[in-house]
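Listed below, chain by chain, are the residues.
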Amino acid sequence: MIPQEFEYSAPGTLQEALQLIAGGERKVLAGGMSLIPMMKLRLAAPEHVVDLGRVPGLNYITESGGTIRIGATTTHHEIEMAPLVRGRCPLLAEAASRIGDIQVRNRGTIGGSIAHADPAADYPASLLALEGQVRLVSANSDRTVAASDFFLDPFTTAIEPGEIVSEIVLPAEEGSEGYRYEKLAHPASGFAVVGVAARIKKTGGKISFARIGVTGMAAHAFRALNAEKLLEGGATIDEAVATIGEGEEANSDLYASADYRQHLARVHARRAISVALTRAT
Amino acid sequence: MKISGAHVISVPQERAYALLQDPAVLGRSMPGCDALEKIGENEYHMKMKMVLASMNGLFDGKVRITDANPFSSFRLIVEGAGKIGFMRGNGLLTLAPLENGTNVQYEGSVEVGGTIAAVGQRLLDTTSRMLIKRFFDKLSTEIAASGDKAGSALPA
Amino acid sequence: MATTTVKPETLVGKRIRRREDPRLITGTATYVDDIKMPGMHHACIVRSPQAAARIKGLNIKPALDRPGVVAVFTGEDVKDVPSVPCVAQLPGLRQPHHHVLAQDRVYFVGHPVAVVVATDRYIAADAADAVEVDYEELPAVADPEKALAAGAPAIHPQWPDNTAFTFHQEGGDVEKAFREADVIVKQRITSQRLVPNAMETRGVVADWRAAERSLTLYSSSQAPHLLRSLLASIFGIPENRLRVVAPEVGGGFGSKIDIYAEDMLMTFVSQRINKPVKWVESRRENFLCTIHGRGHVDYYELAAKRDGTMLGLKLKIIQDLGAYLQLLTPAIPTLSVLMMPGLYKFKNISADVIGAFTNCVPTDAYRGAGRPEATHGIERMVDILAAELKMDPAELRLKNFPAPDEFPFATATGLAYDSGNYALPLKTALDEVGYADLRREQKQGREQGKLLGIGMSAYGEICAFGPTPATPTGGWESATVKIEPSGKVTIMTGASPHGQGEETTFAQIAADELGVDIDDVVVLHGDTSLVQYGIGTFGSRGTAIGGTALYYALQELKSKIKKFGATLLESDEVSLVGGSVVHEASGKSVSFSKIAAEAYRPMKLPPNTQPGLVATHFWEPPNFTFPFGAHVVVTEVDRDTGQIAIRRYVAVDDCGKLINPLIVSGQVHGGVAQGLGQALWEQAVYDDNGQLLTGEFTDYAIPRAHMMPWIESSHTETPSPVNPLGVKGVGEAGTIGCSPAVVNSVVDALSHLGVRHLDMPLTPEKIWKLIQAGGRA
């Protein structure tokens, strides 16, 4: 459990960090919850690690004009506990509270998690359901990518060489909407075997708005667009969730077969929608 | 682990069959692979740099083509070993003509060993499929670049 | 003369906080990896990624060329080092020579191939990566039943049937019992391979001093004296020049009874480089190279009368041994045979064990070692019989227990159960859980589609290993008690506790016997140059045997104290009260501290008495002890996902007299955690090529705090007549009682769907699929 030799930089400013990252093959370290174990197993052997831990101004949660911004090095625990997130974006706080265990939540960061893009990570389901955006910066660029265009494949995102995730941008949830994140946690890793995030708005007792993000089931998190449309069009929850996963190839491993994952996605979607519905006013 | 799937290539069957066995094309299309070097009849030396998330491994191995049944099927065997473990892919590729190209169906298995087996089992299925997809995507790019056309063997 | 305050109460039986905890929870304890020595080198082991392969080439030069690397040793260097020892013997046992480094072949993933020695551990790790090994892969077999099948690849070429041994035992007339039976139920039951996962991985520091011809070896061991004796004989080092120290040991669960290749390898390396050398196992190595537990495929047949009277049991055990035999590997399934009747009266048994080699790391003792498998089997079979007879499973159990007046109870397997009241814990647990109400709730719930299960186990275990004739390591234990001139008490126990709390419980016993403050008692262990010879801690033996040795050493000292007191008080009419000696007629007394001082500077010695207050006792037990108990588990199964929630966990354990109920609770909790681990989550999965797929905590699920149910733990106390303390042992009870109760509960929840049996672990998908199939497996 000893990593290979590597160069380590702990830049003191974002500019310095971006310059370092622009300089060639660099691995960016945030909370280290994925990178460090991989390095200790020597599955990862980066030559140069750039630690964002000492870069000021990347750890924040702010709101202005209905837009919430969360700095990349904000930890899961900070997100879970922040009154601002709990009040204005409670789906994300709920998802954060279900990540790994308390030690992981204390160290792991939202930027690190989404940049790593594990297909079973918890956040992507919520980011998709929230129609969030990811801000990517490099030494000479600054752009924002929709969450739906960010997660491309297992461990593959829209991040270009030289870029880092600087912040997550989320529209605040409306107070009247209901939300829920449901998951089956793997008993060893805590990863979502399947996780479903749902947002529901009601008008006149009927579902007028639905957003559903699914993680863990397929190669990357996806939005259940057909189910959303069906719900908004007055279909029953069962009718809507029956479409979830259609056209997706479900993952399979020792713990859960593709069929089971597909089934879980529907069960958890049904449960997430039902709870969100009771929470919506 | 068993794998199976299908991809469509936009060239006629005979051409697809030839491309899929062309070491230059294979070498360029296999993710992380630079070039294949012939070491025997239908046997090539391969060096592959696998980059996946923070994982980064060099594999040294062989690509072999066996059970060739022109132009309908053959077996592709890819074996590699490195510090982080070893992997072995074995797939029977079956080609069938389509109106605008060729359907390539594969059926086989992927086996891994060493550290990647111990920590990678939950990701083996999804990443294998991703790598196969990348292979066919790259192959399509190769085809487009080479000017091959789906209908080139057919009357316009 | 001064009178001392007589201590108002005894400490035995009280919930005293563990005295070893402050150093553990403040991170100041000294483990093997904390040992640092001048000139110490570091070893890193190159291990095979292949389960079965011929080593075609081995190039160590790239490692040797690296700065800081002082040596690389390979199989060739160690070919004359004797085999890693197995002390368990069975007739006809085939024992492969277990070299400390692979010779021309590797037999399991993780098999040591070379060792790199360097000036620091980072250099060693990099250099180990640089060693080039060319493997020619051979066919592997990782499943014991596949290994025994015709045409399977031979793990060891000299034994193509992959059979290390067969073992047969019978008692009574099992064929007659089966002929007379009204009902015979059969089931294949597995106990999957488990990874013991001590929190502290193994580690060794070997320090050979050529000038003194002496070796000091620090090893994370459960049995340091045994390790010393074996190393001494293997390397020809005189035992009095070989010191083994087990410093703080962060758990073992059986996995650290063994002497491992690395203990021997570090000894070899230190002798070769003439410097101290350290090796600390990584977690990855721990998964791959430290013994695994369980690995049973069992075939059961139980015969009974229509009224539920059990008549006889047939059992065939296929034991997955792995590629080699570690210290006790072949003995473990024979313990399952001994305990196969469980707590039931029937006297007719027949058992066959087949030990199968596989291309996996060896199995050996893991918490319970053979008894969890046996208990799981019989307790599942009783439930299957109950279902067949449409009898209540509690009633069926109660009908077949021996009565309390039938003890000592001679079993079909030749044991004498020491004492017991088997109905009491079961009835207590059922009352506590509200059994009748739960059955009503279950019936009503089923009409609404709810899946509620009530499962129980009534378990017995064989503990306190054991009489020497039945224990390959030796079965006695030792204690030395020294009362220092200042009256402080030092205990040296031959047991080598590593989490069991004997620094506390033994101090309680001594404080009570001598009438001293517990803070005046120190318990030392684990250092062979400090402690008289001992056996070690395993098989729930520490208190029952080590505690008894202590008890007798204390009696010897008490009698000597009394003699000194009588001399000082100039009367034979004295008695011991607390720590003081009192002259009853006059009320005069002499304090413990006064006597302690007097013993080392006696103005007048009592007749036939030597100065000093030191006593040593080696105690050989006349029998094992047989703890028992009942666990009742209430589960709710999620019909849509197959997930299992434990609503209630009631454990009523009888481990004889309780020395410290707080520590006993801790043992029950820890044991139940590991039992739940087996029942619900844990499994070492090897693929067909012998690759361990659950080889890290990312896939291998051990129970965490948040996954644990509340354990309602209580006790009945049936003293053991085997030892004067009346104690039986509790280290493994929780694990043994747990897994059948959990599985019985889940099977019970699904029984109306036709489910009769489930193999562990009960993963959600497995349950969901069964529900989907309407119970048809």
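Conventions and cut-offs
- Residues numbered from 1 in each chain as written.
- Chains lettered and ligands numbered in written order.
- Predicted model: local features only at pLDDT ≥ 70, side-chain atom pairs only at ≥ 80, totals over all residues.
- Heavy atoms only, no water.
- Salt bridge = Lys/Arg side-chain N within 4 Å of Asp/Glu carboxyl O.
- Helix = DSSP H or I, 4+ residues; strand = E, 2+ residues; numbered from the N terminus.
- Buried < 20%, exposed > 50% of the residue type's maximum accessible area, 1.4 Å probe, protein only.
- Contact = heavy atoms within 4.5 Å.
- Buried area = accessible area lost by both parts, 1.4 Å probe.
- Polar contact = N/O pair within 3.5 Å; in protein donor to acceptor, adjacent residues only side chain to side chain.
- Nonpolar A, V, L, I, M, F, W, Y, C, P; charged D, E, K, R; others polar.
- Axes fitted to C-alpha atoms, helices over the stretch in contact; angles between N-to-C directions.
- Parallel < 35°, antiparallel > 145°, perpendicular 65-115°, else oblique.
- Left-handed = near helix turned anticlockwise from the far one by under 90°.
- Domains from an automatic or database assignment.
- Disulfide = S-S within 2.5 Å.

Participant: How would you explain the pattern of salt bridges if you had to name every residue and give the values?
Facilitator: Residue and element names in this part refer to chain A. Applying the stated criterion across every chain, the model contains 78 salt bridges over all chains. Here R180 and E94 are joined by a salt bridge, their closest N and O atoms 3.8 Å apart. You can see R180 sitting in strand β11 (residues 178–185) and its partner E94 sitting in helix α5 (residues 90–97), a full 86 residues away along the chain. Classification of R180 by relative accessible area gives partly exposed; the value is 22%. The partner of R135 in a salt bridge is D142, and the shortest N-O contact between them spans 2.7 Å. Residue R135 is classed as partly exposed on the basis of its relative accessible area, which comes to 26%.

Participant: Tell me what's going on with the interface of chain C and chain B, and back it up with residues and numbers.
Facilitator: Residue-level contacts link 16 residues of chain C with 13 residues of chain B. For the pairing of chain C and chain B, the buried interface totals around 1,100 Å² over both sides, and the portion due to carbon and sulfur atoms is 45%. Among the residues of chain C in contact with chain B, C:R284, C:Q691 and C:D699 are the three that bury the most area, contributing 34% of the side total. Of the charged contacts in the structure, one is a salt bridge between C:E137 and B:R88, with a shortest N-O distance of 2.7 Å. The tally of links from chain C across to chain B stands at 5 residue pairs in polar contact (both at pLDDT 80 or more). For the side of chain C that touches chain B, the residue count by class is 5 nonpolar, 5 polar and 6 charged.

Participant: Please set out the packing of helix α6 (residues 224–235) of chain C against helix α7 (residues 261–273) of chain C residue by residue, giving values where relevant.
Facilitator: All names here are of chain C. The contact between α6 and α7 brings their axes to 11 Å, and the two run at 50°. The orientation of α6 with respect to α7, classified from their angle, is oblique. As for how α6 packs across α7, the hand of that crossing is right-handed. Residues L227, L231, I234 and F235 of α6 form the contact with α7, whose own contacting residues are D263, M264, T267, F268 and Q271. The residue makeup of the contact of α6 with α7, split by class, is 6 nonpolar, 2 polar and 1 charged.

Participant: Explain the domain arrangement of chain C to me, using residue names and the numbers behind them.
Facilitator: Residue and element names in this part refer to chain C. By domain assignment, chain C separates into domain 1 (21–28 + 467–619) and domain 2 (421–461 + 627–777). The C-alpha-based centres of domain 1 and domain 2 are spaced at 40 Å. In this assembly, 15 residues from domain 1 lie in contact with 15 residues from domain 2. Buried surface at the junction of domain 1 and domain 2, summed over both partners, amounts to about 1,100 Å²; 66% is from carbon and sulfur atoms. Our enumeration of links across domain 1 and domain 2 arrives at 0 salt bridges. Remark: the boundary between domain 1 and domain 2 carries 4 residue pairs in polar contact (both at pLDDT 80 or more). Every element with two or more residues in the side of domain 1 that touches domain 2 is listed here: α14 (502–514) and α15 (542–569). By residue class, the composition of the side of domain 1 that touches domain 2 is 5 nonpolar, 10 polar and no charged.

Participant: Lay out the state of the cysteines with the relevant residues and their values.
Facilitator: A complete count under the given rule lists 0 disulfides over all chains for this structure. C:C463 takes part in no disulfide bond, and the closest cysteine sulfur, belonging to C:C655, lies 9.3 Å away.

Participant: Outline the interface of chain A and chain C, supporting the account with residue identities and numerical values.
Facilitator: The interface of chain A with chain C comprises 25 residues on the first partner and 29 residues on the second. Between chain A and chain C the total buried area reaches about 2,100 Å² when both faces are included, carbon and sulfur atoms providing 58% of it. Between chain A and chain C we count 6 salt bridges in total. Close ionic contact of A:R270 with C:D640 constitutes a salt bridge, the shortest N to O distance being 3.7 Å. Looking at which element gives the most residues to the side of chain A that touches chain C, the answer is helix α12 (residues 258–279) of chain A, with 8 residues.

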